[in-house]
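Structural characterization, general
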Amino acid sequence: DTEVTQTPKHLVMGMTNKKSLKCEQHMGHRAMYWYKQKAKKPPELMFVYSYEKLSINESVPSRFSPECPNSSLLNLHLHALQPEDSALYLCASSQTSGGSGEQFFGPGTRLTVL
Amino acid sequence: GENVEQHPSTLSVQEGDSAVIKCTYSDSASNYFPWYKQELGKGPQLIIDIRSNVGEKKDQRIAVTLNKTAKHFSLHITETQPEDSAVYFCAAKDSLGGTSYGKLTFGQGTILTVHP
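A brief look at the structure comes next. (Residues numbered from 1 in each chain as written. Chains lettered and ligands numbered in written order. Predicted model: local features only at pLDDT ≥ 70, side-chain atom pairs only at ≥ 80, totals over all residues. Heavy atoms only, no water.)

Our focus in this paragraph is the sheet that holds strand S7 (residues 62-67) of chain B. Residues and elements named next belong to chain B. One open sheet accounts for 5 strands, arranged S1-S3-S8-S7-S6; its pairing is antiparallel. The sheet is open, and its two borders are formed by strand S1 (4-7) and strand S6 (56-59), each paired with just one other strand. Strand-to-strand, the axes of this sheet are offset by a mean angle of 15 degrees, without reference to chain direction. Pairing between S7 and strand S8 (residues 72-77): 6 bridges, direction antiparallel. The residue bridging Thr65 from the neighbouring strand is Ser74, located in S8. (Pairing = 2+ DSSP bridges. Helix = DSSP H or I, 4+ residues; strand = E, 2+ residues; numbered from the N terminus. Axes fitted to C-alpha atoms, helices over the stretch in contact; angles between N-to-C directions.)

On to the packing of aromatic side chains, then. If you walk through the whole model with that rule in mind, you get 12 aromatic pairs over all chains. Between Phe64 of chain A and Tyr89 of chain A, the ring centres sit 5.8 Å apart and the planes meet at 35 degrees, which makes this aromatic pair tilted. A residue pair is termed long-range when its members are at least 10 positions apart, and Phe64 of chain A in strand S7 (residues 64-70) and Tyr89 of chain A in strand S9 (residues 87-94) qualify at 25 residues. Of the two residues examined, Phe64 of chain A and Tyr89 of chain A, each falls in the buried class. Note on Tyr25 of chain B and Phe73 of chain B: the rings are 6.1 Å apart at their centroids and 55 degrees apart in plane angle, and the pair reads as tilted. One end of the pair, Tyr25 of chain B, is in strand S3 (residues 19-25); the other, Phe73 of chain B, is in strand S8, with 48 residues separating them in the sequence. Here the two residues Tyr25 of chain B and Phe73 of chain B agree in accessibility, since each one is buried. Three or more aromatic residues joined by ring pairs form one cluster here, namely Tyr33, Tyr35 and Phe105 of chain A together with Tyr36, Phe89 and Phe106 of chain B. (Phe/Tyr/Trp six-rings, centres within 6.5 Å; stacked < 30°, edge-to-face > 60°. Buried < 20%, exposed > 50% of the residue type's maximum accessible area, 1.4 Å probe, protein only.)

In structure tokens form, the structure reads like this:
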């Protein structure tokens with residue numbers, strides 16, 4: 001099973017809302033990632049978790065707050081977002097963050113900020 | 001940091017033709033090169049990858065070649081089918097450490113259209 005699942009598929013929120021994106025994998029991977037993807041652009045790395053610890057934060061604004069409750073779950077908490085944050089948010093996982101292991105992506109959450 | 005250039009940005013072929021997408025990278029420390037296919041409304045799907053100790057890898061109609069000296073790698077799709085239509089991204093990774101540990105650097109993508 002090489003599946004990464006994400007919920008919800010679509011999310012519409014106002015600028016004052018608080019919402020969370022969820023990601024789950026059961027491949028025993030110890031690295032999980034959040035990416036942001038704008039239309040017709042490649043994914044941009046936001047955060048890397050390695051063994052449930054945040055190892056890379058690509059200077060992401062604090063209105064995005066990641067959380068890794070256990071080795072299978074990854075959340076992204078959203079608060080006070082801006083319309084320019086509307087995008088496809090992708091979760092990915094790999095065996096470890098180092099090494100040349102395959103990185104598998106979920107289907108994404110399409111976020112619209114009004 | 002690593003920089004990956006991908007060409008062409010769009011590619012239109014007739015069904016049955018071959019398609020080739022090329023990428024160049026800047027960091028000689030990069031040693032892992034995956035290719036992803038992204039269909040509309042879906043996440044990127046890993047279709048093939050190559051490591052720096054290998055020059056070529058093939059999986060049915062898809063092949064990837066790597067030239068470490070020239071720092072470029074290419075995706076070859078033979079006997080294209082309409083279902084091959086998608087956006088294709090190349091990527092590069094330094095798997096041995098450094099400040100970019102864990103980070104994939106993507107090319108800008110190629111929109112492939114296969115006409116029936």
